[in-house]
Amino acid sequence: MMATRVCESPALRRLLRGPCLALSGARGYSRDSEGSWFRSLFVHKVDPRTDAHSTLLSKKETSNLYKIQFHNVKPECLDAYNSLTEEVLPKLHSDTDYPCDLVGNWNTWYGEQDQAVHLWRFSGGYPALMDCMNKLKQNKEYLEFRKERSTMLLSRRNQLLLEFSFWNEPLPRVGPNLYELRTYKLKPGTMIEWGNNWARAIKYRQKNQEAVGGFFSQIGELYVVHHLWAYKDLQSREETRNAAWRKRGWDENVYYTVPLVRNMESRIMIPLKISPLQ
């Protein structure tokens, strides 16, 4: 029988993400037992539970569901696209018969060019989303809008998101601001670990009220995290980010979360006139 001793090893904590084992009596291992022991070194140990990641990480006091849309616009059509969007979308936002709200609307300035990004909130979760979708199928003005919009697009994609429980609620802001959308594509199985680290780290990024909202995907590409930040300008962004590195503990968050990421992307975005986040 294998005897184990649990020890803490800061130098190996990142590698093992679990207990360090001191082994004795290894003679007599089967090949399967050896493989299971080896694999256990690289698996983060968590207590057995029946909760889904979305239940553990999302806000319990709300049932909000978010949709983020990425529209890649033909370069020659961007101004016309913005004008059409600014004419139609506020009507849905202000119509109380539709359980959806505009959170923010932007054009990407740095990052993928000629791109529009829209963030919606559905108050009431998936039932609200379905209710809104069914009503839009009967909305002739919206159907005409979609038809005209389709002639201006090269491609489009979207995701359904939940908000992290430890992030700020994305509320309307006065401007002018620039917004940064930082998108992290995580390794499958690491969302809980990401959330545990950022629940502690977010306190280092609150001094200038730059933290707008944090979300993780539920439908669409999975294991994707979006962090939304607001800055007065690019110089303010640089100073705010540098200040975080001078706070004890921020470097530890980076150390533990970077290995969880497959790739990441940063967009600097400018709000449209209709955006509640200015």
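None of these values were measured; they are calculated from a predicted model.

Observations regarding helix 9 (residues 250-257)
Counting along an α-helix, one turn takes 3.6 residues, and residues three or four places apart therefore face a common direction. Those residues of helix 9 lying buried are Trp250, Asn253, Tyr256 and Thr257. All buried residues of helix 9 fall inside an arc of 130° around its axis, so they share one side.

Things to note about unusual backbone geometry
In this model, Gly175 is joined to Pro176 through a cis peptide bond whose omega is 0°. Take Pro176: it is sitting in the loop between strand 6 (153-163) and strand 7 (178-186). Its identity is not glycine, yet Gln209 carries a phi of approximately 55°, on the positive side. Along the polypeptide, Gln209 turns up in the loop between helix 7 (191-201) and strand 8 (211-219). Judged by its relative accessible area of 48%, Gln209 is partly exposed. Of note, the phi angle at Tyr223 is positive, near 55°, even though the residue is not glycine.

Focus: the sheet that holds strand 10 (residues 261-271)
Taken together, the eight strands give a closed barrel; going around it, the order is 3-5-4-10-7-9-8-6, and neighbouring strands pair in antiparallel fashion. Each strand axis lies, on average, 35° off the axis of its neighbour in the sheet, ignoring direction. With seven bridges connecting them, strand 4 (residues 100-110) and strand 5 (residues 115-123) associate as antiparallel partners. Directly across from Cys100, in strand 5, lies its bridge partner Phe122. Helix 5 (residues 125-136) contacts strand 3 (64-73), strand 4, strand 5, strand 6 and strand 8 of the sheet and is inclined by roughly 115° relative to strand 5.

Some words on the environment of Trp106
With respect to the secondary-structure elements, Trp106 resides in strand 4. We classify Trp106 as buried; its relative accessible area is 1%. For the pair Trp106 and Ile268, spaced 162 residues apart in sequence, the C-alpha separation works out to 9.4 Å. If sequence neighbours within four positions are ignored, Trp106 has contacts with Gln115, Ala116, Val117, Leu119, Tyr179, Leu228, Met269, Ile270, Pro271, Leu272 and Leu277.

A short note on the packing of helix 7 against helix 9
Taken N-terminus to C-terminus, the directions of helix 7 and helix 9 make an angle of 170°; their axes are 10 Å apart at the nearest point. Comparing their axes, helix 9 and helix 7 come out roughly antiparallel. Residues Trp194, Asn197, Trp198 and Ala201 of helix 7 form the contact with helix 9, whose own contacting residues are Trp250, Asn253, Tyr256 and Thr257. Looking at the contact of helix 7 with helix 9 residue by residue, the classes come out as five nonpolar, three polar and no charged.

Notes on the environment of Lys203
Here Lys203 lies in the loop between helix 7 and strand 8. Taking the relative accessible area as the measure of exposure, Lys203 reaches 58% and is therefore exposed. For the pair Lys203 and Phe166, spaced 37 residues apart in the sequence, the C-alpha separation amounts to 9.5 Å.

What to know about the pattern of salt bridges
Tallied over the full model, the rule gives 10 salt bridges. Between Arg182 and Glu180 there is a salt bridge, with the nearest N and O atoms lying 2.8 Å from each other. Judged by its relative accessible area of 11%, Arg182 is buried. The partner of Arg237 in a salt bridge is Glu180, with the nearest N and O atoms 2.9 Å apart. Here Glu180 lies in strand 7 and Arg237 lies in helix 8 (residues 234-245), a separation of 57 residues in the sequence.

About the thresholds
- Residues numbered from 1 in each chain as written.
- Predicted model: local features only at pLDDT ≥ 70, side-chain atom pairs only at ≥ 80, totals over all residues.
- Heavy atoms only, no water.
- Buried < 20%, exposed > 50% of the residue type's maximum accessible area, 1.4 Å probe, protein only.
- Helix = DSSP H or I, 4+ residues; strand = E, 2+ residues; numbered from the N terminus.
- Arc of directions from axis to C-beta.
- Pairing = 2+ DSSP bridges.
- Axes fitted to C-alpha atoms, helices over the stretch in contact; angles between N-to-C directions.
- Contact = heavy atoms within 4.5 Å.
- Parallel < 35°, antiparallel > 145°, perpendicular 65-115°, else oblique.
- Nonpolar A, V, L, I, M, F, W, Y, C, P; charged D, E, K, R; others polar.
- Salt bridge = Lys/Arg side-chain N within 4 Å of Asp/Glu carboxyl O.

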